[in-house]
There are 2 protein chains.
Amino acid sequence: MVTIADVARHAGVSPSTVSYVLSGKRAISAATRERVAASIKALGYHPHAGARALASSRANVIALVVPLRTDMHVPILLQIAMAIVTAARGHDHDVLLLTNDEGTEGLHRVARSALVDAVIVMDVELHDPRAPVLRELGLPSVLIGFPADPAGLTCVDLDFSAAAGLCVDHLADLGHTGVALIGPPAGVLERGTGFARRTLSGFEEAAARRGLRTLVRPCETAHEAAWATAKELRTEHPEITGLVVHNEPTVPPLLEALRGLDVTVPGDLSIVAMGPQDLSAAVSPRLTMVPIPAEEMGRRAVELLMGKLNGDDRVPGSTLMAPRLMAGDSTAPPPPR
Amino acid sequence: MVTIADVARHAGVSPSTVSYVLSGKRAISAATRERVAASIKALGYHPHAGARALASSRANVIALVVPLRTDMHVPILLQIAMAIVTAARGHDHDVLLLTNDEGTEGLHRVARSALVDAVIVMDVELHDPRAPVLRELGLPSVLIGFPADPAGLTCVDLDFSAAAGLCVDHLADLGHTGVALIGPPAGVLERGTGFARRTLSGFEEAAARRGLRTLVRPCETAHEAAWATAKELRTEHPEITGLVVHNEPTVPPLLEALRGLDVTVPGDLSIVAMGPQDLSAAVSPRLTMVPIPAEEMGRRAVELLMGKLNGDDRVPGSTLMAPRLMAGDSTAPPPPR
DNA sequence: GGCGGGCGTCGAAGCGCTTCGATTTCGCAA
DNA sequence: TTGCGAAATCGAAGCGCTTCGACGCCCGCC
């Protein structure tokens, strides 16, 4: 193993000088700096992570807690996780992967053992048991999603209320007067993931503002449920000409059911969905949608965390990311009556 | 922070004794052991990970390299990753998440800095640039998937050849005499992911052994491609009554296309798929399939790695996991002619 | 010409743990 | 009672790094 002493000897300086070159915490003359840099390269030196952590009480590692069982779309989860790793590397940090099967004990462990110096928690529920633990540990943290009581915590999420509003406005602008929200299965709402409620209220509010008639349907993912929903829409609610679907896996079977019922999209019915961006291209017609900005969420979470790590106490407690609507081919003016 | 000295004082022993209680590397009397354990609990002591790594030159962390761009089904990827984390925790190790956007440099970095003491690499390609790096670093490692030249490396994967054989045998047992392999898009084969070829050869071999007529079709995921494939099968290859689908995302559109063409499954056509287990229940009819044992693969990879970490040099270089066929409702004897 | 003050560098003291030899203790045979 | 080996415990030396105070040097100023 190459140590800092080896580098120092090679460059003809003291170990502390090498350390200062590396950290930039003291002024070093350009000449020395370059000589040391050359020695580092020549010897292929990498500081020993453990020694560094011990001496500086900074591990330069953050923990990422990923749920085992999730309400989120799995590919999105991975996208966010990857974005977090990439962003963390950009700030010279690595990412330790934690699951929930150790329970909150895992959080205690990595924090108390100084394995990590900050935490990002994904897929937060309304009454998430991890929230109080984070408060208690007093370790910098960022949650992706909002618990019921976010006091004292830093949270990031898509502004689902605004997203639903964007969908409604888009349909209203096209001339639709009756819109439905096809939400996630009823269970999700009850289990207490905040975003479902926020979507709902944003939907209702925007519809009221635009004077639209509304309908709200949870919908299971299964094939049959999609058909039932499609049929009900056509027979019992002909006034509904625009759909806001906030339930990604339902989209393909729903489209199939509509096709089966000879309902054309967007001729007879317009659809705008909220979900992972890649869904748009995966179905036909190409979906108009409000994508979940996974990459951006991950990046932002890391930026907030780094702010807290650097002792910046102006880090906002709540960050709602602005949604954008991506036009596709699944929305058009309603059919003439 | 609670240190080992605090625990020692509290228990009335020396720090080294506490260390030996923790590691079990020397005999400690039951009385002392219990007293120390009580002190540890009372003070909530967790050893400082960095200090431990420094002194013992063992970080008790393994790196998991996850591809950014993947040929694997994403949920499977995550399942394997989670299984790895869980299994690693079972061996008192944590998992550091690495992406490939640092290139192989990231591997160098975490290895040379002693951040991790072993590596698991996922989604290995035939000419994977990480393979030579792993050999060179001389750090215990396990690959999930096989490179073209696995010499000197430890690899784990599903036995895709046997899996394809299992599918063919199942169809042959039911009386089918003409079977087709619906494989991944052509690009995948060329890009050099070994499993596609192994599936192909297993398929051909088993079919030859059973005297079946065969057809091999790559198939894109898109809706249109699925329809085209379905139509071609019915019009040009009526002798084909059994399908082996090794291309998970194609299954739903393919089923839809067949339904659209009034081909019943399994009445007119039997389908057996290789892919993530959860696919089976997600479509109708419930699929007969050879699931990819994500959980088991992750666990096995960790076990092999721990073997290498403990200096066990009987760790096999190659581990092919035996496939199992799960009967569903998508296969039946072929229709009478 | 002397002196104060940066700037650049060094030396040494830990950070908390493991580990190895040394030391103590104990049980038991002589 | 003494001696001896095994069992149990201790003390101290690092592991490789950061950091803080100290030091030397050179420059500019009076």
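Residues numbered from 1 in each chain as written. Chains lettered and ligands numbered in written order. Predicted model: local features only at pLDDT ≥ 70, side-chain atom pairs only at ≥ 80, totals over all residues. Heavy atoms only, no water.

Per an unreviewed UniProt entry, chain A carries the name DNA-binding transcriptional regulator, LacI/PurR family and comes from Thermomonospora echinospora.

Focus: the overall build of chain A
Each helix and strand in chain A was counted, giving 14 helices and eleven strands. Over its C-alpha atoms chain A spans a radius of gyration of 25 Å, topping by over 25% the 20 Å that the globule rule assigns to 337 residues. By its C-alpha atoms, chain A is 85 × 40 × 35 Å across when sized along the principal axes. A buried classification covers 54% of the 337 residues belonging to chain A. Put simply, chain A shows about 14,200 Å² of open surface, and 54% of that area lies on carbon and sulfur atoms. Chain A carries 31 positive and 37 negative side-chain charges, and their two centres are separated by 8 Å. (Helix = DSSP H or I, 4+ residues; strand = E, 2+ residues; numbered from the N terminus. Rg over C-alpha atoms; globule rule 2.2 N^0.38 Å. Buried < 20%, exposed > 50% of the residue type's maximum accessible area, 1.4 Å probe, protein only. Areas by Shrake-Rupley, 256 points an atom, 1.4 Å probe, with all protein chains shown as cover. Lys, Arg positive; Asp, Glu negative; His and termini not counted. Charge placed at Lys NZ, Arg CZ, Asp CG, Glu CD.)

Observations concerning the sheet that holds strand β8 (residues 242-245) of chain B
Residues and elements named next belong to chain B. If you trace the five strands from one edge of the open sheet to the other, you get β7-β6-β8-β9-β10, paired in parallel fashion. Both edges of this open sheet fall to β7 (213-218) and β10 (288-291), since each of them pairs with a single strand only. Sheet twist, expressed as the average angle between the axes of neighbouring strands with direction ignored, equals 15°. Relative to β10, strand β9 (residues 270-275) runs parallel, the two being bridged by four bridges. (Pairing = 2+ DSSP bridges. Axes fitted to C-alpha atoms, helices over the stretch in contact; angles between N-to-C directions.)

Here's the deal with the domain arrangement of chain A
Taken domain by domain, chain A holds domain 1 (4-47), domain 2 (61-158 + 294-321) and domain 3 (160-291). Using C-alpha coordinates to define each centre, domain 1 of chain A is positioned 60 Å away from domain 3 of chain A. (Domains from an automatic or database assignment.)

Looking at the protein's contact with DNA strand D
Around DNA strand D, a shell composed of 28 residues is seen, among which I4(A), R26(A), Y45(A), T17(B) and T32(B) lie nearest. When the atoms of DNA strand D within 4 Å of the protein are grouped by moiety, sugar and phosphate amount to 54% of the total. Here K25(A) contributes a side-chain N or O atom positioned 3.1 Å from a phosphate oxygen of DNA strand D. Here a phosphate oxygen of DNA strand D and a backbone polar atom of S14(B) are 2.9 Å apart. Among the residues making up the surface near DNA strand D, the classes are represented as 13 nonpolar, eleven polar and four charged. (Near = heavy atom within 4 Å. Polar contact = N/O pair within 3.5 Å; in protein donor to acceptor, adjacent residues only side chain to side chain. Nonpolar A, V, L, I, M, F, W, Y, C, P; charged D, E, K, R; others polar.)

What to know about the protein's contact with DNA strand C
Taken together, 28 residues are adjacent to DNA strand C, and T17(A), T32(A), I4(B), R26(B) and Y45(B) come closest. Counted by atom, the contact set of DNA strand C within 4 Å of the protein is 55% sugar and phosphate. Within the contact set of DNA strand C, a base oxygen lies 2.7 Å away from a side-chain nitrogen or oxygen of R26(A). Between DNA strand C and the protein, one listed contact pairs a phosphate oxygen with a backbone N or O atom of H48(B) at 3.2 Å. With five residues, helix α4 (residues 49-56) of chain B is the largest single contributor of residues to the surface near DNA strand C.

So, the environment of E204(A)
Residue and element names in this part refer to chain A. By the element assignment, E204 lies in helix α10 (residues 194-210). Looking at E204, the relative accessible area reads 35%, which means it is partly exposed. Linking E204 and D169, residues 35 residues apart in sequence, is a C-alpha distance of 11 Å. Those residues in contact with E204 that lie beyond four places of it in its chain are T214 and V216. (Contact = heavy atoms within 4.5 Å.)

Digging into the relation of the copies chain A and chain B
Each copy of the sequence occupies a distinct position, and chain A is placed on chain B by a rotation of 180° and an axial shift of 0.0 Å, giving an RMSD of 0.1 Å. Taken together, the rotation and translation relating the two chain copies correspond to the operation of a two-fold axis. Most of the interface of chain A is mirrored in chain B, where 98% of its interface residues are also at the interface. (Least-squares fit on C-alpha atoms with pLDDT ≥ 70 in both.)

Details of the sheet that holds strand β7 (residues 213-218) of chain A
All names here are of chain A. Taken together, the five strands give an open sheet; going across it, the order is β7-β6-β8-β9-β10, and neighbouring strands pair in parallel fashion. The open sheet has two edge strands, β7 and β10 (288-291), and neither has a second partner. Along the sheet, successive strands turn relative to each other by an average axial angle of 15°, direction set aside. As judged from the six bridges shared by strand β6 (residues 178-183) and β7, these two strands associate in the parallel manner. Bridging across to β7, L181 finds its partner in V216. Each of β6, β8 (242-245), β9 (270-275) and β10 is contacted by helix α8 (residues 160-174), which is oriented at about 165° to β9, the strand it contacts most.

Details of helix α6 (residues 105-112) of chain A
Burial within α6(A) is extensive, with six of its eight residues counted as buried. Elements in contact with the buried residues of α6(A): β1 (61-65), β2 (94-98), β3 (118-121) and α7 (130-137) of chain A together with α5 (74-90) and β2 (94-98) of chain B. Positive phi appears at A114(A), one or two residues downstream of α6(A), with a value of about 60°.

A short note on the UniProt feature "domain: HTH lacI-type" (unreviewed entry) in chain A
Those residues carrying the UniProt feature "domain: HTH lacI-type" (unreviewed entry) are residues 2-56 of chain A in this numbering. A distance of 20 Å separates the end C-alpha atoms of residues 2-56 of chain A, which is 71% helix and 0% strand. (UniProt positions renumbered as here; feature names shortened; annotations may be inferred.)

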